[in-house]
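Each chain, letter by letter, is given below.
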Amino acid sequence: MTPRLFDLSGKVAVVTGGNGGIGLGMARGFAACGATVVIVGRNADKSAAAVKTIESDGGNAVAFEADVTDTAAVAALAKRIQSECGGADILVNNAGINIRKPPDVISLDEWKQVIDTNLTSAFVCSQAFHPAMKDKGGGKIINIGSMLSIFGTSFAPAYAASKGGIVQFTRSCAVAWAPDNIQVNAILPGWIDTELTQRARIDVAGLHDRVLARTPAARWGVPDDFAGIAAFLGSSASDFVTGTAIPVDGGYSIAG
Ligand code: NDP
């Protein structure tokens, strides 16, 4: 094994929702390995701050605004990345939301909002970026699942459905695009301290302590925990790894 195995110099890594939380943790991992990172989000101020963070680490990043539920905006984004950055080598479908309501209460509109943001966007983005990756001779797509790709819960039926779907979508693309030398994998984060879960800890009584008690690593994860898996799944180190769903969870999913 050589250090160059994880070298991403000259590569372009696109991270949806890369302006905070897990997305920014992964973006920093790509940048540390030499990639130019394209941060995609809706909140321009947050994205500008994320670019600054990566630049102050000594990395390269740009921010492009797009709502991943807007198909036309995603098509325009792929075109812009092609013309301004030479196309994506790595795509991370990370943008996500949750609406915490039980299945007898969540409305159809809320259901659609979660599915569109977490699952349909991964399909739309992957389809938009696939032709350019194929033309480049290969690439990496990384989809972000969840512990709710594996488990059910009373308070997040749409979220769990979207994250279960991410795993099967990942496997399907991995099979379809293996001949194009595109590896497609999913990451299943455990409980990570981000804006998303800061809200959950207010909404779900006892959640903070339950997570601590069940996680063998005895802590919540942090965005920096995703830099290493980003380097692995984004680089040639993972060229024979495809269709997997890798937990990054401090052991949460294997605890009895
Ligand atoms: P954050 O809320 O910190 O980040 C979510 C990101 O998604 C934001 O950067 C946001 O950007 C972006 N986003 C949301 N909707 C859209 C949209 N329509 N278009 C473009 N960008 C959008 O959450 P996390 O970092 O925690 O979550 C990242 C991913 O990890 C999600 O898919 C989440 O489901 C998953 N995950 C998180 C876990 C955790 O414990 N934190 C556990 C398991 C999975 P902007 O504000 O600019 O819209």
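Up top is the structure.
What comes next is a walk through the structure. Quick caveat, the model's predicted, so the values are computed rather than measured.

1. Here's the deal with helix H1 (residues 21–32)
The end-to-end C-alpha separation of H1 is 17 Å, in line with the 16 Å expected for 12 residues at 1.5 Å each. Along H1, 9 of the 12 residues are buried, which leaves the element largely enclosed by surrounding structure. Taken together, the buried positions of H1 are Ile22, Gly23, Leu24, Gly25, Met26, Ala27, Gly29, Phe30 and Ala31. Looking one or two places after H1, you find Gly34, whose phi comes out positive at around 105°.

2. A word on the site of the ligand
Taken together, 30 residues surround the ligand, and among them Asn19, Arg42, Asn94, Tyr159 and Thr194 come closest. Separating an oxygen atom of the ligand from a backbone N or O atom of Gly17 is a distance of 3.2 Å. Note that an oxygen atom of the ligand is positioned 3.5 Å from one of the backbone N or O atoms of Gly96. If the ligand stood free it would expose 880 Å²; the protein chains cover 94% of that surface. With 3 residues, the top contributor of residues to the shell around the ligand is helix H6 (residues 195–203). Of the residues in the shell around the ligand, the class split is 11 nonpolar, 14 polar and 5 charged.

3. A closer look at the sheet that holds strand S1 (residues 12–16)
Strands belonging to one sheet form pairs held by backbone hydrogen bonds; the direction of such a pair is parallel or antiparallel. Reading across from one edge, S3-S2-S1-S4-S5-S6-S7 is the order of the 7 strands in this open sheet, with parallel pairing throughout. In this open sheet, the two edge strands, each paired with only one partner strand, are strand S3 (60–65) and strand S7 (245–248). On average, each strand axis in the sheet is tilted by 20° relative to the strand beside it, whichever way the strands run. Bridge count between S1 and strand S4 (residues 90–93): 3 bridges; the pairing is parallel. If you follow Ala13 over to S4, its bridge partner there is Ile90. Relative to the sheet, helix H2 (residues 44–56) contacts strand S2 (36–41) and S3, its axis offset from that of S3 by approximately 170°. On the sheet, helix H5 (residues 157–177) packs against strand S5 (139–144), strand S6 (182–189) and S7 and is oriented at approximately 165° with respect to S6.

4. Description of the packing of aromatic side chains
Counted under the stated rule, the structure contains 3 aromatic pairs. An angle of 85° between the planes, with centres 6.4 Å apart, marks the rings of Phe123 and Phe169 as edge-to-face. Placement of the pair is Phe123 in helix H4 (residues 108–136) and Phe169 in helix H5, with a sequence separation of 46 residues. A residue is classified by how much of its surface remains accessible, and Phe123, at 38% relative accessible area, is partly exposed. Phe169 sits in the buried class, given a relative accessible area of 17%. Ring geometry for Phe151 against Tyr252: centres 6.3 Å apart, planes inclined by 75°, an arrangement best described as edge-to-face.

5. Here's the deal with the state of the cysteines
Under the definition given, this model contains 0 disulfides. Among the cysteines around Cys125, which has no disulfide bond, Cys173 carries the closest sulfur, lying 12 Å off. Taking relative accessible area as the criterion, Cys173 reaches 6% and is therefore assigned buried.

6. Topic: the layout of surface pockets
Space inside the largest pocket adds up to approximately 1,100 Å³. Along its surface, the largest pocket is lined by 46 residues, and Asn94, Ala95, Gly96, Ile97 and Leu196 are the ones closest to its centre. When residues of the lining of the largest pocket are traced back to their parent elements, those giving at least two are H1, S2, H4, H5 and H6. Partitioning the lining of the largest pocket into residue classes produces 18 nonpolar, 19 polar and 9 charged. Reported here for the second largest pocket is a volume of approximately 250 Å³. Taken together, 15 residues make up the lining of the second largest pocket; nearest its centre are Lys11, Gly138, Gly139, Lys140 and Asp239.

About the cut-offs
- Residues numbered from 1 in each chain as written.
- Predicted model: local features only at pLDDT ≥ 70, side-chain atom pairs only at ≥ 80, totals over all residues.
- Heavy atoms only, no water.
- Helix = DSSP H or I, 4+ residues; strand = E, 2+ residues; numbered from the N terminus.
- Expected span 1.5 Å × (residues − 1).
- Buried < 20%, exposed > 50% of the residue type's maximum accessible area, 1.4 Å probe, protein only.
- Near = heavy atom within 4 Å.
- Polar contact = N/O pair within 3.5 Å; in protein donor to acceptor, adjacent residues only side chain to side chain.
- Areas by Shrake-Rupley, 256 points an atom, 1.4 Å probe, with all protein chains shown as cover.
- Nonpolar A, V, L, I, M, F, W, Y, C, P; charged D, E, K, R; others polar.
- Pairing = 2+ DSSP bridges.
- Axes fitted to C-alpha atoms, helices over the stretch in contact; angles between N-to-C directions.
- Contact = heavy atoms within 4.5 Å.
- Phe/Tyr/Trp six-rings, centres within 6.5 Å; stacked < 30°, edge-to-face > 60°.
- Disulfide = S-S within 2.5 Å.
- 1 Å grid on protein atoms, 1.4 Å probe; cavity = no way out; pocket = protein on both sides within 12 Å on 5 of 7 lines; lining within 4 Å.
- Points joined across faces, edges and corners; volume = space filled by probe spheres on them.

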